[in-house]
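Letter by letter, the chains look like this.
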Amino acid sequence: MGPPDLKRRFEEIYTAHYAEILAYVRRRTASSDDAADALAETFTTAWRRLDDVPDGARARLWLYGVARRVLANGRRAESRRGELVERLGAQLALWTEGTGPVGADDLDGVRVAFGRLKPDDMEVLSLASWEGLSSEEIATVLGCSRGAARLRLHRARKRLAGELSAAGFDLARYGSRAITLTKEKA
Amino acid sequence: MNDVDRIIDRLVADIAPDPGPGMTPLARELFEEITRAAAPAPPRRRWAVMPRRRWIAGPVAAALTTVAAVAVIGVGSAPASAALDIKRDGDHYIITVRDLFANPDVYQAELRARGLDIDLTVLPTSASNARTLIVINGVRPREPGRPVSGDVKTPITTIDEPGPCERFGGCAATLKVPVGYKEKAEIVLGREARPGEEYMMPPGIDAPGEPLHCVHYANMTVAELMPILRERGVEPQFTSYATKRFESTAPGGWYVYDGVMSAAGKARILVNPVPNPKPRPFDAFCKNGS
């Protein structure tokens, strides 16, 4: 594969998954600068390791895995952020201002309960509900077995139900069997 | 998965933070930046040596506009006090730009005189976008890997104009800078363009006050968009990820991704052969949906 082919393949991957990876990093970072940085780092890694990127829909899962490691590593050196990434961060910050404040709804209780979970639980629930992944796909991103992913997801859901119940959040409002579950958990 | 699992998943989905603007022209620049490095060798980070370019307002604006260096309009000999109004209010400076056409060096001299390392640039833009004030702070608190929680506070703040604000970047008229602020910052301020002058801070084509405000133009075909533009007296130039240049026509069946006003009555429109799978939410600019 010559360089133009490589670039074309990367372009397909980039175009198909940019928005999803942006959403992934944005939702897991406190600052737009960090989001821009992680985004650039993730796709730079993909370009550098293009041969490792799987074909088709699995490319997205591979990219999530890279983004996850990038975020876990955190920022390594201030000097690594370039001018373009700075601009991207500024653009994202402006976008954030445009979307209005978080919490302009009645879900603060859910946010607080979610925030009390361990990072691993948060991540597995987020992958399921924010990225819409199945437990099989979550297993690919986390690099664990399908069974382990299912179990982690199940436990994380129960722990969130427990946190919500402890905070007095009326899960019953959302379904008749809600209370049963929180009792089972206890 | 039982009902409670579904409820939990739905609650978690409901608190999902905003996904962001999706693919923007700036994202396209990042693609070019990344692929400039030879694959699969480790990429060199070239951006550090790139010429400094101005960042322009709006998620789309940057790449749809020609981001040129700011022209120096005559060497200013006017007293610095003529350009900026700087008042001290307790531990802050309250700064208002008095002369929008002053030489940038004059602003600089005024700010430097107060020990502020702030670059102030005034750029031509549309009437409705004029006085848009953008602050790019040198520092921001960082907490990598933590979930989003509220706004990130920055040391330089802006004071909005009185009245309701529909503008994407806010409606700031005045800057508030801590006295003794040592970090570098960039401020970009919009002024109304002179007749025929190209906008260097191009507003979104659907921003409040612009020709396509509250028009559902995203993912329209070029053929559908053309009569609307004609009706509103807008002359388009088209570009696409594939062509990367501006042309006066585009295939009628291509889809509209985004657009900015590049001068009065002139627009730059980003189109592509396939529909945008994730267009920007319509209410990003049209809050009331009307």
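Everything numeric in this text was worked out from a predicted model, so none of it was measured.

What counts, and where the lines are drawn
- Residues numbered from 1 in each chain as written.
- Chains lettered and ligands numbered in written order.
- Predicted model: local features only at pLDDT ≥ 70, side-chain atom pairs only at ≥ 80, totals over all residues.
- Helix = DSSP H or I, 4+ residues; strand = E, 2+ residues; numbered from the N terminus.
- Buried ≥ 20, exposed ≤ 12 C-beta atoms within 10 Å, placed from the backbone.
- Contact = placed C-beta atoms within 7 Å.
- Axes fitted to C-alpha atoms, helices over the stretch in contact; angles between N-to-C directions.
- Parallel < 35°, antiparallel > 145°, perpendicular 65-115°, else oblique.
- Left-handed = near helix turned anticlockwise from the far one by under 90°.
- Nonpolar A, V, L, I, M, F, W, Y, C, P; charged D, E, K, R; others polar.
- Expected span 1.5 Å × (residues − 1).
- Pairing = 2+ DSSP bridges.
- Core = buried A, V, L, I, M, F, W, Y, C linked by C-beta atoms within 7 Å.
- Domains from an automatic or database assignment.
- pLDDT = per-residue confidence, 0-100.
- Arc of directions from axis to C-beta.

1. Some points on the overall build of chain A
Then, in step 1: Of regular secondary structure, chain A possesses 9 helices and 0 strands.
Then, in step 2: Starting at the N terminus and walking to the C terminus, you meet the elements of chain A as α-α-α-α-α-α-α-α-α.
Then, in step 3: Here chain A holds 186 residues, and the buried ones make up 44% of them.
Then, in step 4: Look at the contacts in chain A between residues 6 or more apart in sequence, and 62% of them connect residues 24 or more apart.

2. Here's the deal with the packing of helix H3 (residues 58-73) of chain A against helix H7 (residues 135-142) of chain A
Residues and elements named next belong to chain A.
Then, in step 1: Taken N-terminus to C-terminus, the directions of H3 and H7 make an angle of 45°; their axes are 8 Å apart at the nearest point. By the criterion of interaxial angle, the relationship of H3 to H7 is oblique. As for how H3 packs across H7, the hand of that crossing is right-handed. Judged by residue contacts, Leu61, Tyr64, Gly65 and Arg68 of H3 engage Glu137, Thr140 and Val141 from H7.
Then, in step 2: Looking at the contact of H3 with H7 residue by residue, the classes come out as 3 nonpolar, 2 polar and 2 charged.

3. Points about H3(A)
All names here are of chain A.
Then, in step 1: With 16 residues, H3 should reach 22 Å at 1.5 Å per residue; the first-to-last C-alpha distance of 23 Å fits that figure.
Then, in step 2: Buried within H3 we find Arg60, Leu61, Leu63, Tyr64, Val66, Ala67, Arg68, Val70 and Leu71.
Then, in step 3: Count one or two residues on from H3 and you reach Gly74, which has phi positive near 70°.

4. Here's the deal with the pairing of strand E7 (residues 185-192) of chain B
Residues and elements named next belong to chain B.
Then, in step 1: With 6 of its 8 residues buried, E7 lies for the most part within the structure.
Then, in step 2: Across 8 bridges, the pairing between strand E3 (residues 118-125) and E7 is parallel. Paired with Ile118 across the strands is Ala185, a residue of E7.

5. Considerations on the nonpolar core
Then, in step 1: Within the largest apolar cluster, 63 residues are counted, with the highest numbers of intra-cluster contacts made by Ile21(A), Val25(A), Leu39(A), Ala67(A), Ile138(A), Leu160(A) and Leu30(B).
Then, in step 2: Among the domains, domain 1 (1-100) and domain 2 (104-186) of chain A are the pair contributing at least three residues each to this core.
Then, in step 3: For Ala67(A), the residues in contact, after removing those within four places along its chain, are Ile21(A), Tyr24(A), Val25(A), Ala38(A) and Thr42(A).
Then, in step 4: Formed by 46 residues, the second largest nonpolar core is a distinct cluster that contains Ile156(B), Ile187(B), Tyr199(B) and Val271(B).

6. Section: the sheet that holds strand E9 (residues 255-263) of chain B
Residue and element names in this part refer to chain B.
Then, in step 1: With respect to topology, 3 strands assemble into an open sheet ordered E8-E10-E9, the strand pairing being mixed. A strand with exactly one partner marks an edge of an open sheet, and here the two such strands are strand E8 (235-239) and E9. Here the average twist between neighbouring strands, direction ignored, is 25°.
Then, in step 2: When E9 meets strand E10 (residues 266-272), the two strands line up antiparallel, connected through 7 bridges. Bridge pairing links Asp258 to Leu270 in E10.

7. A word on the confidence of the model for chain B
Residues and elements named next belong to chain B.
Then, in step 1: Across chain B, pLDDT averages 72, with 71% of residues at or above 70.
Then, in step 2: The spread of mean pLDDT over the elements of chain B runs between helix H3 (residues 61-64), the lowest at 35, and helix H5 (residues 222-231), the highest at 94.
Then, in step 3: Low pLDDT, under 50, characterises residues 40-81; the predicted model gives this stretch 93 contacts beyond four residues in sequence or across chains.
Then, in step 4: The low-confidence segment residues 138-152, where pLDDT is below 50, has 38 contacts with residues more than four positions distant or belonging to other chains.
Then, in step 5: Scoring the predicted complex yields pTM 0.47 and, for the interface, ipTM 0.86.

8. Things to note about the packing of helix H6 (residues 119-129) of chain A against helix H8 (residues 146-166) of chain A
Residue and element names in this part refer to chain A.
Then, in step 1: Axis separation between H6 and H8 bottoms out at 9 Å; the angle between their running directions is 105°. By the angle between their axes, H6 is roughly perpendicular relative to H8. For the pair H6 and H8, the contacting residues are Asp121, Val124, Leu125 and Ala128 in the first and Arg152, Leu153, Ala156, Arg157, Arg159 and Leu160 in the second.
Then, in step 2: Split into classes, the residues belonging to the contact of H6 with H8 amount to 6 nonpolar, no polar and 4 charged.

9. Some thoughts on the pairing of strand E1 (residues 84-89) of chain B
Residues and elements named next belong to chain B.
Then, in step 1: Pairing of E1 with strand E2 (residues 92-97), which is carried by 6 bridges, proceeds in the antiparallel orientation. Bridging across to E2, Ile86 finds its partner in Ile95.
Then, in step 2: The hairpin turn running from E1 into E2, its antiparallel successor, is 2 residues long, and Gly90 in that turn takes a positive phi close to 65°.

10. A short note on unusual backbone geometry
One can expect most non-glycine residues to show negative phi and most peptide bonds to be in trans.
Then, in step 1: The phi dihedral of Cys214(B) falls on the positive side, at around 65°, and the residue is not glycine.
Then, in step 2: Structurally, the position occupied by Cys214(B) is in the loop between E7 and H5.

11. Observations regarding helix H4 (residues 104-113) of chain B
Residues and elements named next belong to chain B.
Then, in step 1: Turning to H4, its buried residues number three or more, namely Val106, Tyr107, Glu110 and Leu111. The buried residues of H4 occupy an angular sector of 130° when projected down its axis, which confines them to one face.
Then, in step 2: A positive backbone phi angle near 75° is found at Gly115, which sits one or two residues after H4.

12. Some words on the environment of Tyr199(B)
Residue and element names in this part refer to chain B.
Then, in step 1: Locating Tyr199 in the fold gives a position in the loop between E7 and H5.
Then, in step 2: Look at Tyr199 and you get buried, because 24 C-beta atoms sit within 10 Å.
Then, in step 3: When the C-alpha atoms of Tyr199 and Ala263 are compared, they prove to be 5.2 Å apart, with 64 residues separating the residues in sequence.

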